[in-house]
Amino acid sequence: MVAIGVWVATRKGLFRLASDEARRAWRIEGPHFLGQVVNHAVADPRDGRTVVAAVRAGHLGPTVYRSTDGGTSWKESSRPPAFPKAAAGADAETVSHVFWLTPAAASEPGRWYAGTSPQALFVSGDGGDRWEGVRGFNEHPDRRRWIGSPQDAPPDGGTLHSINVDPADARHLYVGCSSGGVFETHDGGAHWAPLNRGCAADFLPDPDAEYGHDPHCLRVHPQTGDVYQQNHCGIYRLDRAARRWERIGRAMPQDVGDIGFPMVLHPRDARTLWVFPMDGGTVWPRTALGGHPAVYRSRDAGGSWERQDRGLPPEQAWFTVKRQSMCADTLDPAGVYFGTTSGEVWASTDEGASWSCIAMHLPHIYSVEASAGS
Amino acid sequence: MKVILPSPLAEYTGHAREVEARGATVDEVLRDLDRRYPGLRFRVVDEQDAIRPHIKVFVNQVQARHLTEALRPTDQVLVVAALSGG
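Residues numbered from 1 in each chain as written. Chains lettered and ligands numbered in written order. Predicted model: local features only at pLDDT ≥ 70, side-chain atom pairs only at ≥ 80, totals over all residues.

Peer 1: Teacher, can you tell me more about the overall build of chain A here?
Peer 2: Scanning chain A from terminus to terminus reveals two helices and 28 strands. Whereas a compact globule of 374 residues would reach a radius of gyration of roughly 21 Å, chain A reaches 19 Å, a difference of no more than 12%. Overall, the C-alpha framework of chain A stretches about 60 × 50 × 40 Å when taken along its three principal axes. Considering chain A as a whole, with its 374 residues, one finds that 51% of them fall into the buried category. (Helix = DSSP H or I, 4+ residues; strand = E, 2+ residues; numbered from the N terminus. Rg over C-alpha atoms; globule rule 2.2 N^0.38 Å. Buried ≥ 20, exposed ≤ 12 C-beta atoms within 10 Å, placed from the backbone.)

What follows is the structure, given as structure tokens:
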């Protein structure tokens, strides 16, 4: 019986790794969408059957596929995320690709959010079949200032990612924009405000800029609502009352630093989190530091960190772990997983103490998402 | 008229690479195809009605750059998935 499924989205298709509760033996299924870019694939924890995948072929436009039988069969969205047709002479935007998918709160079955490149937010009320723009964000008068021009965007284009729902309030959402920063809404998307005070943006002249930041991965704890982010410029925890970020990455070893892409929170303990530091020196190689990959775990909300590299390659391993490519399952002890740009999936069944490679030779991995029972 | 489609679109047409379509413009032909093969048009035309960057449309071997180009019933439309990445 499958206890854990891990959806692995890659530059050339989608795979699923499956195991029982022991998580010792894994089988690999797929590929689905062979040859197509799959940026994100997420199983719906609310029904245990639905899986939604963001797909784009090299030649063709972006779309979304959905499965209602755990990935056995797939059907294309009948209205994928797209901007409205612009009036003649107006600045027209087109969705380059769908980058991020998040199921909404448990109280809103069938509702999903999607983040795209360029930075825009879309919502579906029917399990991912038909999507419409969240006008409060996409048509916000400050949006263009927040996200900047294409020149301000990362090489693969700006993205809206890290869509998180406050577990205490389904209408309170957080999103991350690269570039742009973190933004939140308290009314289900009608109104938005930047949430970046205290967060560094070394590439901006204003040391306390209101927006323009580069959050790499934002996570909200599913039980407590605690908020953390791995930013281009460090690791942070949100002081919710003060609406200000505190740089908990200062407690990382100085020779490691606090640069990276992914971040993972423990499913039950909001003070435990994992990051995957990368080389942010000189020209920003964005590879495992020194060719010796390591995960770092904090068990005190970022007050201190411990290195976890047992089982990982000791040398000459130069992969990158992207922002969606690290996750935890919900078993006890929690399993932690990450996928690499060199097509390997690594797993720990002891909360990071030791690691083993459970898949290799896959295409460049874009995301890794665990799901219970599917 | 005859429309020849590239392999990336074959899953929409039940793997038929040559299909018949009707329309007085490139846009009408693509919309006719989309009615029978839902989703096909959005993969080759974006939401601003521009032909996507790695797609080329030829009418009788002459490239059509806009959806508004007029067609005659005897024309042949060729949709090509051009060079794109590795």
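The structure having been displayed, the exposition proceeds.
Peer 1: Could you clarify how one ought to interpret the sheet that holds strand β4 (residues 62–64) of chain B in this entry?
Peer 2: Sheet strands associate in pairs through backbone hydrogen bonding, adopting either a parallel or an antiparallel arrangement. All names here are of chain B. In spatial order, the strands read β2-β1-β5-β3-β4; together these five strands make up an open sheet with mixed pairing. One side of each edge strand has no neighbouring strand; the edge strands of this open sheet are β2 (18–20) and β4. Within this sheet the neighbouring strands show an average axis-to-axis angle of 30 degrees, counted without direction. One ladder, built from three bridges, connects strand β3 (residues 55–59) with β4; its direction is antiparallel. Bridged to V57 within β4 is A64. Across the sheet, helix α1 (residues 26–36) lies against β1 (2–4), β2, β3, β4 and β5 (76–81), angled at about 80 degrees from β1, the strand it touches most. (Pairing = 2+ DSSP bridges. Axes fitted to C-alpha atoms, helices over the stretch in contact; angles between N-to-C directions. Contact = placed C-beta atoms within 7 Å.)

Peer 1: Help me out: how do you make sense of the sheet that holds strand β5 (residues 51–56) of chain A in this one?
Peer 2: All names here are of chain A. Judged by pairing direction, the sheet is antiparallel, and its four strands sit side by side in the order β4-β5-β6-β7 without closing on themselves. Sheet topology places β4 (37–43) and β7 (75–76) at the edges, where each strand pairs with a single neighbour. In this structure, β5 lies alongside strand β6 (residues 62–67), joined through six bridges in antiparallel fashion. Bridged to V55 within β6 is T63.

Peer 1: Looking at this model, I keep getting lost on the pairing of β5(A). Mind explaining?
Peer 2: For a regular strand, side-chain orientation follows a simple rule: the groups alternate between the two sheet faces. Residue and element names in this part refer to chain A. When you tally the buried positions in β5, you get six out of six residues, the bulk of the element. Covered by surrounding structure in β5 are V51, A53 and V55 together with V52, A54 and R56, the residues of both alternating faces. Relative to β5, β4 runs antiparallel, the two sharing six bridges. From the neighbouring strand, A41 faces β5, where its bridge partner is A53. Two successive antiparallel strands, β5 and β6, enclose a turn made up of five residues.

Peer 1: When you look at the interface of chain B and chain A in this model, what are you seeing that I'm missing?
Peer 2: Many analyses report the size of an interface as the accessible area lost when the parts associate. If you look at the interface, chain B gives 16 residues, while chain A gives 15 residues. In terms of residues, the side of chain B that touches chain A owes the most to one element, helix α2 (residues 40–44) of chain B, which gives three residues. Across the side of chain B that touches chain A, the residue classes tally to six nonpolar, five polar and five charged. (Nonpolar A, V, L, I, M, F, W, Y, C, P; charged D, E, K, R; others polar.)

Peer 1: For this particular structure, what's the right way to read the environment of E76(A)?
Peer 2: Examined against the element boundaries, E76(A) turns out to sit in strand β7. Judged by local crowding, E76(A) falls into the partly exposed class, with 18 C-beta atoms found within 10 Å. Taking the C-alpha atoms as reference points, E76(A) and T63(A), separated by 13 residues in sequence, lie 7.3 Å from one another. The residues contacting E76(A), other than those within four sequence positions of it, are T63(A), Y65(A) and G39(B).

Purely geometric stuff here, so don't read any function into it on its own.
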